[in-house]
Amino acid sequence: MKCLHIACAVCMLFSACHTFIYASTQEFLGVVESGSGAGAKVKTVTVLYVSQEVSPGTIELFDPNEQCVFQINETFCTREAFLRAVTPGKRLYCRANRHVGQIYALYTTPFFKAEGTIKSFSGTTLKITHKPCYRMCTPQEETQTASIDSDMIIRYEGAEVPAGEALVPGRHVRVIAPRKQIVQAIHPDAWVRGPDELAATFRNISNEIIRASEGFFRTYHEAAYYFASIGIDGCTDMLQAGQKTFDEPFFLIDGQYAPAGAALRTGERMLFCPDEIIGPEKIYKTFVVPGDDGVIEGVVTGTGNGNVTLKVIECPTGYASDCVENQTTVDLDSDAEYHLNGIIGFGSDQTPDNTTAFRYLRFTVIEQEKGLGAGIAEMRFIQDGEEFGPGMTLSGESDAALVFDGATNEIVKWSEGSWMVLDAGDGVQTAPTGFKIYTSGSGRGLRAFRIEGAKTGSDGLTWVTLLDYHAGEGNIIPKNEWFETGIDLSNVDANPVTIDKIIKPGSYVRVLPALSNGAVLVRNNNDLQWDPVDIAEPSSRYSPRRKSSDRPDMRLYTLSGEYIGRLQDRRHDRTFSGAFIIAGEIRGKTAYIRQVGTRIGGRE
């Protein structure tokens, strides 16, 4: 009986806080089903690893820890920007360990239409073997079918080729549905730009600083990554030890798992995230940012005449010395779709009227007194003195209807992140000019809340903030009485994402080109086996003073034209042994070495 009481206490503890429902280690791809911010409920699509069996389709609660890594569209961002963008319909990648949040990524592009390993291609039918990449769940593999149109762009390793030449069984493929040009921007105040800033957001349980890195990939060998890290002051050559023991895959492209052989390409931008629990030297997840769909990304330096000028950094070899900075001007399509800090804007023909055109209204608890929940008894929306709310369709908090029943003695204990949506129905559009709420003395006090509206036709997915209310530091909204506040619609930013707001100097912008007929992107799916190449005559550029008898014994390994090897040398009765990165080319049996990286480990 004592054990039963302990078990019940543990269950109550975890149900009272926003954390993963399932114990210990949790990692999944999912879609926000309902709610927003830290209180969102996420339906899993793919589960990679859990401590007990969980199947896709499970509804998860998640609570982004304040000290972890956040991303929006493969760009490191602040926690505040991330939470603001978490709304129904968005895709998420979530990772936690021991109930400690580690990595959270949000995507505003849809899932690939199909993705996986090519099984067969005949006529116009492409069959793909897709591994959802989750453990302890079934099924382990599924088959996807895609129809390949002659008008679709087909690229193999970045080059356009005929379908029959690209779609070879065994290769990895991503099928992208037709899309408009998409402009994704992260404003300077939402952008975490370098390792020094990231260190402040990602600490492990022993309070040791963990540094996530952004860089251009060079090579990967024996569980070690080599890349040019991107920092505020430029690029720096880096090595980061990899995680040997974790089951593959641990690479994601646009938020979807990819095998290592298809993910690793020299010179592509990547986000390297270590494991908070295992240790700072272990990379746990690598987020790949390929350019084979034609994306152009950089920092805004200017705009005008329907285009934007970006400062673009490229690093074709993954060596800091080869990183170059260029100015690129990109034309913007008249019907382009704009995403700002993960928020998708209305199209030019859907600009909402902020006084009439909000079919949906959402109330969300932002902050409360510590405890089991804020005691909300009643609420009303007001338009020009008339109250409304009762009788409308409600969703969200299970007891939401109680706050419109006229009985202030019945309360709903809403925790932070709890929410409610009113649906005014087809043909009924409204925007409130005021709001009133009654909180009960028998519940916790309410400190802050948010009211948002969504336009008819947006399916309640594109929200405009109508009111952000906070009672003030240390204060609560008065209890056991009606509290009323106005909503100034003249101050409402009814169209929060427009070209003039997105194209802001200093913002990080990604321009995804329009694919009017979709695209098929194919890559080799190598198993990452390196075949050693014996080198008899190392280049004199590497060791010009050495006699022939002192030349090192070298074995180089190749990956996409780059070389990695181990070097042993004996001179003056001293021996050192360590791993080096060696860039150059092989002609016959001679290595012409252009650059040697940092020695790793070893001793002298």
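Right, let's talk about the overall build of the protein for a bit. Of the regular secondary structure elements, the protein holds six helices and 44 strands. Taking all 604 residues of the protein together, 53% fall into the buried category. Across the protein, the fraction of contacts at a sequence separation of at least 24, relative to all contacts at a separation of at least 6, is 67%. Working note: accessible area of the protein is about 26,700 Å², and carbon and sulfur atoms make up 47% of it.

A few words on the confidence of the model for the protein. On average, the protein scores 76 in pLDDT, and the residues at 70 or more come to 74%. Contacts from residues 529–604, a stretch scored under 50 in pLDDT, to residues over four places away or in other chains number 156 contacts.

Turning to the side chain of Asp 254, a few remarks are in order. Looking at the secondary structure, you find Asp 254 in the loop between β18 (251–253) and β19 (256–258). Taking relative accessible area as the criterion, Asp 254 reaches 18% and is therefore assigned buried. Here the side chain of Asp 254 touches Thr 109 through a polar contact of 3.0 Å, side chain to side chain. Beyond its immediate stretch of four places on either side in the chain, Asp 254 contacts Glu 74, Arg 91, Tyr 107, Thr 109, Pro 110, Phe 112 and Val 288.

All right, on to the sheet that holds strand β8 (residues 114–122) then. The strand order across the open sheet built from seven strands is β10-β9-β8-β13-β38-β11-β12, with neighbouring strands paired in mixed fashion. The outermost strands of the open sheet, each flanked by one partner alone, are β10 (142–147) and β12 (159–160). In the sheet, strand β9 (residues 125–130) pairs with β10 via six bridges, with the strands oriented antiparallel. The residue bridging His 130 from the neighbouring strand is Glu 142, located in β10.

This brings us to the nonpolar core. Across soluble globular proteins, nonpolar side chains have a tendency to be buried as a group. Grouped together as the largest cluster of nonpolar side chains are 31 residues, with contacts concentrated most on Phe 363, Met 379 and Met 420. When contributions to this core are tallied by element, the ones reaching two or more residues are β27 (358–368), β28 (374–383), β31 (412–414), β32 (419–423), β33 (434–439), β34 (446–455) and β35 (463–470). Among all residues touching Met 420, those that are not within four sequence positions of it are Leu 361, Arg 362, Phe 363, Met 379, Phe 381, Leu 394, Ser 395, Ala 400, Val 403, Phe 404 and Trp 414. With 26 residues, the next largest nonpolar core counts Phe 70, Cys 77, Leu 106 and Val 299 among its residues.

Right, let's get into the pattern of salt bridges. Any two side chains of opposite charge can pair, so long as their charged atoms come close to each other. Going through the model one piece at a time under the given rule, you end up with 23 salt bridges. When the shortest N-O distance is used, the salt bridge between Arg 269 and Glu 214 registers 2.7 Å. With Arg 269 in strand β20 (residues 269–275) and Glu 214 in strand β15 (residues 213–221), the pair connects residues that are 55 residues apart, well separated along the chain. A salt bridge links Glu 387 to Arg 380; its shortest N-O distance comes to 3.8 Å. Classification of Glu 387 by relative accessible area gives partly exposed; the value is 44%. On the basis of relative accessible area, Arg 380 is assigned to the buried category, the value being 12%. Connected via shared salt-bridge partners are Arg 174, Glu 268, Asp 292 and Arg 523.

A large share of strand β16 (residues 224–231) lies buried, amounting to seven of its eight residues. Note: β15 against β16, six bridges, orientation antiparallel. Within β16, the position partnered with Phe 217 by the bridge is Phe 227. For β16 and strand β17 (residues 234–241), the ladder comprises eight bridges, and the chain directions are antiparallel.

Across the sheet, which stays open at both edges, the seven strands sit in the order β24-β23-β22-β37-β14-β25-β26 with mixed pairing between neighbours. Looking at strand neighbours, the two that pair on one side only are β24 (324–331) and β26 (343–344), the edges of this open sheet. Relative to strand β37 (residues 508–512), strand β14 (residues 182–186) is paired through five bridges, and the arrangement is antiparallel. Pairing of Ile 182 across the sheet is with Leu 512, part of β37.

Below, the discussion takes up unusual backbone geometry. Backbone geometry at Asp 384 places phi at a positive 50°, although glycine is not the residue there. With respect to the secondary-structure elements, Asp 384 resides in the loop between β28 and β29 (386–388). Phi angles above zero are rare outside glycine, and Asn 480 is one such case at about 55°. As for its placement among the helices and strands, Asn 480 is situated in the loop between β35 and β36 (482–486). When its relative accessible area of 49% is taken as the criterion, Asn 480 is described as partly exposed.

Right, let's talk about the state of the cysteines for a bit. For the structure shown, the criterion picks out one disulfide. A sulfur-sulfur distance of 2.4 Å marks the disulfide that ties Cys 315 to Cys 323. The sign of the -80° torsion about the S-S bond sets the Cys 315-Cys 323 disulfide as left-handed. Side by side, Cys 315 and Cys 323 carry an identical accessibility label, which is buried. No disulfide involves Cys 273; its sulfur sits 9.9 Å from that of Cys 68, the nearest cysteine. Owing to a relative accessible area of 0%, Cys 273 belongs among the buried residues under this scheme.

Moving on, we come to the environment of Ile 283. Position of Ile 283 among the secondary structure elements: in strand β21 (residues 279–289). Between the C-alpha atoms of Ile 283 and Tyr 225, which are 58 residues apart in sequence, the distance is 8.6 Å.

With respect to the helices, strands and loops of the structure, Ala 400 is situated in the loop between β30 (393–396) and β31. Each C-alpha atom of the pair Ala 400 and Val 412 lies 7.5 Å from the other, and the pair is 12 residues apart in sequence. Each residue touching Ala 400, except ones within four places of it in the same chain, is listed here: Leu 394, Trp 414 and Met 420.

Aromatic rings considered in pairs are described by the distance between their centres and by the relative angle of their planes. Taken as a whole, this structure holds 17 aromatic pairs when the rule is applied. Seen from their ring centres, Phe 82 and Tyr 104 are 6.1 Å apart, and the 55° between their planes marks the pair as tilted. Placement of the pair is Phe 82 in helix α2 (residues 79–85) and Tyr 104 in strand β7 (residues 100–107), with a sequence separation of 22 residues. The burial state of Phe 82 is the same as that of Tyr 104; both residues are buried. The interplanar angle of 25° and the centroid separation of 6.0 Å between the aromatic rings of Phe 381 and Phe 388 together place this pair among those described as stacked. Across this residue pair, the class does not change: Phe 381 and Phe 388 are buried. In textbook terms, an aromatic cluster arises when at least three aromatic residues are bridged by ring pairs, as seen for Phe 363, Phe 381, Phe 388, Trp 414, Phe 435, Phe 449, Tyr 469 and Phe 483. Sitting over the ring of Trp 482, Lys 436 keeps its end group 4.6 Å from the ring centre.

Rules behind the numbers
Residues numbered from 1 in each chain as written. Predicted model: local features only at pLDDT ≥ 70, side-chain atom pairs only at ≥ 80, totals over all residues. Heavy atoms only, no water. Helix = DSSP H or I, 4+ residues; strand = E, 2+ residues; numbered from the N terminus. Buried < 20%, exposed > 50% of the residue type's maximum accessible area, 1.4 Å probe, protein only. Contact = heavy atoms within 4.5 Å. Areas by Shrake-Rupley, 256 points an atom, 1.4 Å probe, with all protein chains shown as cover. pLDDT = per-residue confidence, 0-100. Polar contact = N/O pair within 3.5 Å; in protein donor to acceptor, adjacent residues only side chain to side chain. Pairing = 2+ DSSP bridges. Core = buried A, V, L, I, M, F, W, Y, C linked by side-chain atoms within 4.5 Å. Salt bridge = Lys/Arg side-chain N within 4 Å of Asp/Glu carboxyl O. Disulfide = S-S within 2.5 Å. Phe/Tyr/Trp six-rings, centres within 6.5 Å; stacked < 30°, edge-to-face > 60°. Lys NZ or Arg CZ within 6 Å of the ring centre and 35° of its normal.

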